[in-house]
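What follows is the residue order along each chain.
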Amino acid sequence: MSKISRRDLLQYIGAGGIGVVGGVLYGESVQQNVELLIPQVVPPEDYSPGVATWYNTVCNQCPAGCGISVRIREGKAKKIEGNPVHPVSQGRTCARGQAGLNALYNPDRIRTPLQNVGQRGSGNFEEISWDEALTTVGSRIGRLKIDNEASRVRLLCGRVRGHLDELFLQFMNLLGSDHYQQYDFTYPSALMAANKMSFGTDVLPYYDIRNAVFLLSFGADYLGTWISPVHHSLAYGHLRQGREGRRGKTIQIEPRMSLSGAAADEWIAARPGTEGLLALGIAHALVSEGHYHGSDRDEWSKALQAYSPSLVSAETEVSEDKILRLAREFGTSTASLAIAGGATAAGTNAVASIVAVNALNYLAGNLSQPGGIIFNPDPAFSATAGSRQAGFQGMLDLIGAMKAGDVDVLLVHDTNPVFALPDNVGFRQAMQNVPLIIALSSFRDETTEMADLILPTSTYLESWGDDVPDPGVGFPVASISQPVVATLYDTLPVGDIVLSLARQIGGELPIHMRWGTMEEFIKERWREEYDQRGSEGEEQEFEAFWQAALEAGVWGQPGAVAGDQPVPLSSSMIASIADPVSRFAGDESDYPFVLHPYLTATFFDGRGANLPWLQEMPDPMTSVVYGSWVELNPVTADELGIREGDVLDVESPAGSVRVPALIFPAIRPGVVAIPVGQGHAAYGRYARDRGVNPIHIVATLIDDQSGDLAWAATRVKLKLTGERLQIIKTDGVTRTLGRQILGPENDHA
Amino acid sequence: MSTFVEKLRQYRKPGYYDKFDYHWTMTIDLDRCTGCEACMVACQAENNLPIVGEKRFAENREIKWIRIERYWEGEYPDVKMRFIPMLCQHCDDAPCETACPVFATYHNQDGLNTQIYNRCIGTRTCAVYCPYEVRYFNWFTYTWDEPLEQQLNPDVTVREKGVMEKCTFCIQRIRIAKDNAKDDDRRRVRDGEVVPACVQSCPTEALVFGNSNDPEAKVSKMMKNPRGYKVLEELNTTPSIVYLTKVHS
Amino acid sequence: MFDHGQPSYAEVNKDVLSVMLETGPKYWMLLGTTMSVAGICFFMPWIYQLFVGVGAAGMNRNAVWGSYLSNFIFWIGLSHSGTLLSAVLHITNSPWRKAIYRSAEAMTLFSLMTAAMFVMVHLGRVWFVHWSFPIPNQMGLWPNFRSPLMFDVMAITTYLTASSIFIYMGSVPDFAAVRDASTGLRRRLYTIFSFGWRGTAREWHTLGWAYTFFAIFVIPLAVSVHSIVSWDFALSIVPGLHHTIFAPYFVCGAIFSGTAGIVTVMYCLRKFLNFERYIGQVHLDSLGKLLITLSLIWSYINILELFSSWYGGTSFELEALQFKLTGFYAPLYWEMILFCAFVPLLILFKKIRWSWNKMLVISILINVGMLTERFIIVATSQPRKFLPDAFGFYFPSWIELSITVGAFAIFATLFLIFIKWVPAISIYEVKETLKPLRRDA
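Analysis parameters
Residues numbered from 1 in each chain as written. Chains lettered and ligands numbered in written order. Predicted model: local features only at pLDDT ≥ 70, side-chain atom pairs only at ≥ 80, totals over all residues. Heavy atoms only, no water. Buried < 20%, exposed > 50% of the residue type's maximum accessible area, 1.4 Å probe, protein only. Helix = DSSP H or I, 4+ residues; strand = E, 2+ residues; numbered from the N terminus. Pairing = 2+ DSSP bridges. Contact = heavy atoms within 4.5 Å. Buried area = accessible area lost by both parts, 1.4 Å probe. Salt bridge = Lys/Arg side-chain N within 4 Å of Asp/Glu carboxyl O. Polar contact = N/O pair within 3.5 Å; in protein donor to acceptor, adjacent residues only side chain to side chain. Domains from an automatic or database assignment.

**Describing the pairing of strand β20 (residues 593-598) of chain A**
Residue and element names in this part refer to chain A. Of all the six residues making up β20, six are buried; the element is thus mostly covered by neighbouring parts of the structure. Residue alternation in β20 divides its side chains into two sets, Phe-593, Leu-595 and Pro-597 and Val-594, His-596 and Tyr-598, and both sets are buried. Bridging between β20 and strand β25 (residues 714-724) involves three bridges; their strand directions are antiparallel. Each bridged residue has a counterpart across the sheet, and for Phe-593 the counterpart in β25 is Val-716. Inspection of the sheet shows β20 paired to strand β24 (residues 671-675) by five bridges, in the parallel sense. Bridged to Val-594 within β24 is Val-671.

Here is the structure:
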């Protein structure tokens, strides 16, 4: 055994000590950030790990206003489902609603306030603080207000309902500007105008597809895009198989088969623009064949004299037999319903066409009947004012004002007119004349890109709000929208931004708009509403009511149907009947094809294009993903020698787009269809530079009566470019080849 | 030994799971289905299906546990479009189950055709053998653009490259429902307590899901519908999905 | 028997062993080339594929099996004639087998190894390949013996083991010859390899008995291996694959392609290792006749397959048939028919049968045809199954093509190593065929 001397021992200790210190230092230097399985030692109170909670709120992917439930785990939103107690969605959701999570967790969201530092529209933005941003905006608007120039401030937003609408209105009123407008490409302006003429009501009626037995749809893709698709789908399921032994029948009249056309028992491609005429032809047959027994029969038959089925047949290219048969079925079914939308409501004859369809409903006697048109009572919120939709005409006025230099500050929220207006109206160019454009937006879409200042808004899943579904469901309903997750970034709900701006501008604004947050504002309004309706229902403290409404996400009064429904006068209906044939932009000899742009069930009017789940969802009718295409009838394609994937120049009098051809069996020869939704120049990584936007080449014809853009009234010509492009589809062969895949033929109708 | 033989015999008896509590079944009413594809996105959200990107779609490598197949009938103007949702049929005599050399796919006692991602070695035989082509292979490890990954469902595995995946009838929801039933001292899950994501979302209520061992369940009643049929029935795979054919009028 | 006069016993030893003992720069260059081709064309793409996933290949949702699997079958098929032919001919006492069987068996072994490589390349998660073996584990997980792939694992490992033993056993006396002809380390090594073989009568007797036993044992094994490989396809219900004829079809095709492979290998041995004296016209003639027979059987089965598809008359089978005969891959199909059914008929002419060069071309064409046959089986059936909506298309990626080429380099590398370690011609059996030397001659 060797001995260790004291010196050695000290040396060892010294060396060991250095080693230990060195090791610790080294260990510290290479140590990685500690990642804990559960990051919080004391977890937040509002959730327990591993347990899912559900919050009810309102979907904002389209204007239908479906109630949704969001599943939250560990403070993160995991899944959107329909709110089972909400009368619009009844526990169901569409694909777009599901994809709302992609909007919340979108990688391309705006995360902080941004200021444009380069040329306008160049997309050079710099991060700034909220204080700075709000001060800039507040002082600018404040100065205008002091100078009594507040009317040079304009607010443009998408379809906004509920108390946010009131907040906007109040803000602009207090400011002293009456230029608060909304623009939504999908807003059924023509339908509203036509219903006003036919029924004298400002509120969209409830179309009771659920109880209908015979549904005649003139261009309305009620299952995909028209007004309230989820609710209509529920109704459709019931119409088909919900009643024992009685299967409802649906007919779809449109030049290009939509989802609803595919679901229909019969799809009729009348000549584009003559759908309203066809309705009148059917009406004529209804009266002349004796299916209408009203006292005003003679007046009707006089009014419809000019629309005998044989004449209509020649114009619409729908056989006389078919018109008579439709009239017979429509007249004899126990509950017939006719609706109009889509391209039928987007010609220069839109209002006249819808009026004609309304006449059909009148003749079928389905007004205020189950399975017919049910007139909604007044909305749930007594204070809700009428719609502030600018319509196409309003947008032209705005463009004019901008061009004339009448607009100093333009506030834009949740609308994308640069994308959703034809190119040649020059919205983008007019924006160059506006000294200050402020976008309140979650995404950098085309319009937001043009802004000088971007105030990032929280998405609807992070914001307070409320909503009155439009159309209602036959009884008063209001939904509450509440944040389901904590705000992800340095963003504010749009209501909070408006309130902050009010404080920033000063004067009487903060006195009247005294609420700290949107939540406070909404709660106060609901309290007032509650107090007003105090007598109704059982006695209950407001807090308890509020809590219950929050939990349910919705409040409604089933059964509270308005007592005195408007009974439309046939005289006014008869008087409003006009010759409904659409004009088209472009000469038929130069532009042989009618362009049929259509809203898609995937992207709606393009607002869904930045959501990857929707980009990856095959188009329901064609299975195409990630791109645009132009649909051609196989015969037309054959004649022109066009194969799938040939890139075509689609030229209208207003412009042209370059897009690959797709041979589509269910489109009328002489019509070409391009889906709306793609063709974004901005709007994040999933949408940018993908496909084309047909709205851009739409000629600016307007509906004769409502002044709305007639976006289905453009003619185009096709030019082969010689290029080819692979259209990405998920479908292989779309014929069954005689294989029994769809089940044995049977007729249980 | 004798008990062992007995067990084996029981095991080998066709339909051996009959003695168990559940036989999960789905009916799809094609007369209601509108092809809106809400089910596809619901499934994607629930089951952490990857966002594969345009390139992968072009290569035909998408992953959609439920898809809508489209079939045209006739020519213009009498042309009709027929949709049929196609998802794993959970066959009782599944061709895929015999194919896997490592038992990564097997039939569980609830009548589900299950896929164990951890066990899969990626021979892809099951996908070749499946006549419905509802098995999807992970050709790559897919990633989510930040912060999309925050949406991922913690109840469902995220799959890596080299693994086969397919519809599970949302087995995680079945498990949760069973656990709840157990916590409530119930022996069975109530009808309608388990709803897969696709069934839940379907706006036309075309999809109905339930336990066909329970004669009172809605799905059992739907199965008795004379319109009922099974896709590719002649292959004798005895699928657990009953389609109700579209009515022609 | 011997085209260039009968060699003496010593000459046999010298000729055969010189290949092993004398290595020139040419050999090293060749070996270097094959090894680098194998590395660049096979292993580098494979490593890339391991990192990104099997998506590097061209397979997709509609065709999840691709060229890796067709290559696997091809190499399994090529493996066939070696051991099988050797065993059959041994039992039937055909003397012409003796000069070629060693190389043929080596071919079997190396093609099997190459085929096994393709299984690895094919798998999605090859790092778990051991799960396909019944290795006891505490989870109680066991492989699925109902799976045809499991049959494969069993059949191929058995076949590989049996073939290895068969070739080794036949080589023991030759290892002894190497031992006797060498010095130093090699001598020590071959002492071990040869199990101390001394050449006593008892040893010869035991060897003969054991060898014959193994020959009989190996025949059903060989037939079963390719039957089982065919079941990977036939046990599916995929139209175009679900045929009862598949097992004999694959076995016949395998022997066909293997025999053609032997012709090719023999040509190379003759040409590059100077075995002209041992591998002569008689071998070529016999193999040629065998090829014709096999080609006719193969054609017959093909016609039968087409017929039963057509006669079945289901939409599924007819579609698969139509796609095969007239679809995108139809040129490949007709190329296969040309190379495997018509070209071999040329062998009927003695002029062609007796020409080494012409036979080389034909043998290579046959294997090209057989490689495409396997590809067609994989590429035309899967994308056209039952649901038309799920019809698709498959085209191999450059990675697959590269790996296909690289596999030949792997095979060549193994063979080049083999000829330096094992006498490529059986010395003792060649000697058996020599006419007894008469002292007075």
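**A look at the interface of chain C and chain B**
Of the residues lining the interface, 48 residues belong to chain C; the matching set on chain B comes to 47 residues. In total, about 4000 Å² of surface goes out of reach between chain C and chain B, with carbon and sulfur atoms giving 56% of it. Broken down residue by residue, the surface that chain C buries against chain B is led by C:Arg61, C:Arg125 and C:Leu387, which jointly contribute 20%. Its salt-bridge partner being B:Glu62, residue C:Arg61 comes within 3.0 Å of it at the nearest N-O pair. Run the count over chain C and chain B and you get 32 residue pairs in polar contact (both at pLDDT 80 or more).

**Examining the domain arrangement of chain A**
Residues and elements named next belong to chain A. Taken as a whole, chain A is organised into domain 1 (114-185 + 381-459 + 490-516), domain 2 (205-374) and domain 3 (593-724). Averaged C-alpha coordinates put domain 1 and domain 3 at centres separated by 31 Å. Across the contact, 19 residues belong to domain 1 and 24 residues belong to domain 3. Each partner contributes to the roughly 1700 Å² buried at the junction of domain 1 and domain 3, and carbon and sulfur atoms together form 64% of this total. When the buried surface of domain 1 facing domain 3 is broken down by residue, Phe-185, Phe-392 and Phe-419 rank first, second and third, together holding 43% of it. In this assembly, domain 1 and domain 3 are joined by one salt bridge. Here Asp-184 makes a salt bridge to Arg-607, at a shortest N to O gap of 3.0 Å.

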